[in-house]
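# Breakdown of the fold
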Amino acid sequence: MRRLRFHHLLAVPVLLLAAAVVQECAAQGGASAGGDHAPLVSPLAKDPATSLYTISIKDGAGPLVVDLAGPLVWSACASGHPTFPCGSAECDAANCWHQQGRPWHQDYGAGAEVDGGDRFCACTARPCDPVTRDRCAPGDLTTFAMSANATDGRNALHPVAFQAVGACAPDQLLRSRSLPAGTEGVAGFGRAPLSLPAQLAARRGFGRRFALCLPGVAIFGDTPIYLGYYPPDLMTTIASTPLAASPKSGGYYLPVEAISVSWPNWNAPTARAALPPGALELDAATGRGGVTLSTVQRYTAMRSDVYRAFVRAFNETISTPGYVKPMPAVAPFELCYDTFSLRRVRVLGWDVPSIRLELGAGASMNWTVASGNSMVQAADRTLCLAVVEMGPGAAHGAAVVIGGYQVEDNLLVFDEDKEVLHFSGLLWGSGATCSGFNFTAPQ
Ligand SMILES: *[C@@H]1O[C@H](CO)[C@@H](O)[C@H](O)[C@H]1NC(C)=O
Ligand SMILES: *[C@@H]1O[C@H](CO)[C@@H](O)[C@H](O)[C@H]1NC(C)=O
Ligand SMILES: *[C@@H]1O[C@H](CO)[C@@H](O)[C@H](O)[C@H]1NC(C)=O
Ligand SMILES: *[C@@H]1O[C@H](CO)[C@@H](O)[C@H](O)[C@H]1NC(C)=O
């Protein structure tokens with residue numbers, strides 16, 4: 001049994017948080033919190049070597065990798081860090097998916113361990129490598145000092161300090177080559193009581209809502225959002241769709257029913273990918289299938305049956321006018337085209353077919369993926385469709401994992417209270433950009 005090192009000064013505020021968090025885990029109840037309810041804003045950045053996105057939120061430390069489907073915060077700990085007893089509410093929160101018979105740890109490693117059933121031992125959680133998902137290791141559950149700025153959706157207003165519960169990063173994970181140099185762990189944004197947005201929502205009582213605009217900014221709480229020179233509150237203008245949850249992962253799923261490809265501004269028929277029936281459905285019992293979003297996967301990955309049908313539809317559509325010249329494939333991509341045979345369009349990138357994710361009932365619009373998010377220049381004169389085929393035994397078991405490249409410069413607002421995703425599509429040309437948040441405080 002490990003020695004108890006619970007720090008009593010932390011006990012009161014942290015237990016308040018944990019009570020709200022545990023209630024949420026059991027009953028999805030709205031948490032209440034006193035004091036400052038202002039939403040918070042943090043800058044995001046993109047690591048050029050790994051293309052992972054990071055958030056600067058932990059005090060006196062490097063940034064943390066943003067893992068949209070991750071259940072936990074984990075980071076480096078100093079020796080003498082506080083711990084939680086195994087019987088504590090925080091330990092239960094780290095463990096609650098497990099207790100509900102949802103073996104999340106098989107995918108994501110959120111299960112906490114209880115040493116020999118002793119309720120006063122030190123609680124550990126099991127963080128996992130966010131990219132490979134397969135390397136997991138135990139680390140003490142502890143608290144981290146963090147800060148972000150309060151915001152009215154327009155400016156950063158004043159700094160706010162807070163504590164977040166998370167796991168100490170086991171050495172083998174911190175040294176993992178998956179993590180960018182200079183980062184010090186991971187901030188999980190998934191559906192779990194100890195994810196960063198869930199803890200902030202419980203602590204500040206501002207609703208279980210957060211916005212990601214990669215690679216520029218994350219905003220926590222229910223607020224209007226102003227980015228750049230586009231004057232209106234973006235929340236009043238962007239589209240929305242119902243969200244779905246999987247019983248087996250902490251991810252956010254979209255009700256995509258079909259994928260189609262068509263030339264914008266060109267009077268050609270729309271080609272719909274000839275998917276097997278139910279190919280995109282999320283199986284509510286097993287958690288397999290479905291279309292989900294990831295910030296740790298670079299490019300959208302599709303299960304083989306979906307990928308083949310989609311690639312055929314795209315290639316047929318782009319070949320129809322007869323002037324687009326194929327180029328040899330550049331791994332990991334398969335469909336590449338000669339930029340000399342394509343026209344550049346002023347704002348949105350290249351004149352190529354756009355991809356439409358056809359959404360189910362309740363969506364205000366289908367999701368159009370413009371060329372700025374669908375094509376990547378992979379070599380000289382070579383523009384490739386930025387989608388890859390999933391390997392066999394892919395970790396998620398999803399039919400489609402929409403990758404970070406496909407949602408850069410898109411505003412995404414996840415509202416777990418309403419189970420709705422607000423999405424802007426590519427912001428280029430609107431006057432708003434993900435790097436346009438005004439971090440200067442008004443005088
Ligand atoms: C808050 O914003 C100010 C600029 O207004 C910035 O200097 C400071 O670093 C920010 N604090 C945090 C914790 O992000
Ligand atoms: C794409 O279409 C072209 C022209 O029809 C064809 O030559 C090529 O083999 C197709 N590529 C793939 C990967 O299907
Ligand atoms: C999405 O596209 C399909 C096929 O074109 C169409 O039937 C449906 O009405 C669209 N949905 C919305 C919300 O526009
Ligand atoms: C950012 O906000 C400050 C304070 O309100 C304002 O003075 C400044 O003009 C704004 N900057 C931009 C680029 O809008």
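Residues numbered from 1 in each chain as written. Chains lettered and ligands numbered in written order. Predicted model: local features only at pLDDT ≥ 70, side-chain atom pairs only at ≥ 80, totals over all residues. Heavy atoms only, no water.

The chain is annotated in an unreviewed UniProt entry as Peptidase A1 domain-containing protein from Panicum hallii var. hallii. Recorded under Sequence similarities (unreviewed entry), the UniProt text for the chain is reproduced unchanged: "Belongs to the peptidase A1 family." (UniProt positions renumbered as here; feature names shortened; annotations may be inferred.)

### Thoughts on the site of ligand 1
Around ligand 1, the structure places Ser147, Ala148, Asn149, Phe439 and Ala441. In this structure, an oxygen atom belonging to ligand 1 sits 2.2 Å away from a side-chain N or O atom of Asn149. In the environment of ligand 1, an oxygen atom lies 2.9 Å from a nitrogen or oxygen atom belonging to the backbone of Phe439. Protein burial of ligand 1: of its 360 Å² of free accessible surface, 52% is covered by the chains. Looking at side-chain class alone, the shell around ligand 1 contains 3 nonpolar, 2 polar and no charged residues. (Near = heavy atom within 4 Å. Polar contact = N/O pair within 3.5 Å; in protein donor to acceptor, adjacent residues only side chain to side chain. Areas by Shrake-Rupley, 256 points an atom, 1.4 Å probe, with all protein chains shown as cover. Nonpolar A, V, L, I, M, F, W, Y, C, P; charged D, E, K, R; others polar.)

### Describing the site of ligand 4
Close to ligand 4 lie Asn155, Asn438, Thr440 and Pro442. Between ligand 4 and Asn155 there is a distance of 2.8 Å, counted from an oxygen atom to a side-chain nitrogen or oxygen. Side-chain polar atom of Asn438 to an oxygen atom of ligand 4: 2.3 Å apart, as the coordinates give it. Looking at side-chain class alone, the shell around ligand 4 contains 1 nonpolar, 3 polar and no charged residues.

### Concerning empty space enclosed by the protein
This structure, assessed with the given rule, holds 4 cavities of 30 Å³ or more. Lining the largest cavity are 16 residues, with Thr300, Met302, Leu357, Val369 and Gln406 positioned closest to its centre. Those elements that place two or more of their residues in the lining of the largest cavity are β13 (256-262), β16 (300-302), β21 (354-359), β22 (367-369), α6 (371-374) and β26 (400-402). Classifying every residue of the lining of the largest cavity by side-chain character gives 12 nonpolar, 4 polar and no charged. Its volume calculated, the second largest cavity comes out at about 70 Å³. In terms of lining, the second largest cavity is formed by 12 residues, of which the most central are Asp67, Gly70, Pro71, Trp74 and Cys128. (1 Å grid on protein atoms, 1.4 Å probe; cavity = no way out; pocket = protein on both sides within 12 Å on 5 of 7 lines; lining within 4 Å. Points joined across faces, edges and corners; volume = space filled by probe spheres on them. Helix = DSSP H or I, 4+ residues; strand = E, 2+ residues; numbered from the N terminus.)

### Some details on the state of the cysteines
In total, this model carries 6 disulfides according to the counting rule given. Covalent S-S linkage joins Cys77 and Cys168, the inter-sulfur distance amounting to 2.0 Å. Between Cys77 and Cys168, the S-S torsion sits near -95 degrees, and that sign places the bridge as left-handed. Of the two residues, Cys77 is situated in the loop between β4 (73-75) and α2 (89-99) and Cys168 in strand β7 (residues 156-168); the sequence distance between them amounts to 91 residues. For Cys77, a relative accessible area of 29% corresponds to the partly exposed category. On the basis of relative accessibility, which here comes to 7%, the residue Cys168 falls in the buried class. Paired through a disulfide, Cys86 and Cys121 show a sulfur-sulfur distance of 2.0 Å. In this structure, the disulfide formed by Cys86 and Cys121 twists by about -115 degrees around the S-S bond and is classed as left-handed. (Disulfide = S-S within 2.5 Å. Buried < 20%, exposed > 50% of the residue type's maximum accessible area, 1.4 Å probe, protein only.)

### Thoughts on the side chain of Asn155
In this structure, Asn155 sits in the loop between β6 (139-151) and β7. Contacts of Asn155, omitting those with residues within four sequence positions, involve Ala150, Phe437, Asn438, Thr440 and Pro442. (Contact = heavy atoms within 4.5 Å.)

### Section: the pattern of salt bridges
Counted under the stated rule, the structure contains 20 salt bridges. In this structure, Arg303 and Asp305 form a salt bridge, with 2.8 Å as the shortest nitrogen-oxygen distance. For Arg303, a relative accessible area of 27% gives the class partly exposed. Between Asp351 and Arg343 there is a salt bridge, with its nearest N and O atoms 2.5 Å apart. Taking the relative accessible area as the measure of exposure, Arg343 reaches 55% and is therefore exposed. In this structure, a network of salt bridges that share partners links the residues Arg191, Arg208, Glu416, Asp417 and Glu419. (Salt bridge = Lys/Arg side-chain N within 4 Å of Asp/Glu carboxyl O.)

### A word on helix α5 (residues 304-319)
In this model, α5 (16 residues) spans 22 Å end to end at C-alpha, consistent with the 22 Å of a helix rising 1.5 Å per residue. Taken together, the buried positions of α5 are Val306, Tyr307, Ala309, Phe310, Val311, Ala313, Phe314, Thr317 and Ile318. (Expected span 1.5 Å × (residues − 1).)

### Focus: the layout of surface pockets
Taken as a whole, the largest pocket encloses approximately 350 Å³ of empty space. Listing elements by their share of the lining of the largest pocket, those giving two or more residues are β22 and β28 (420-426). When its residues are assigned to classes, the lining of the largest pocket shows 11 nonpolar, 6 polar and no charged.

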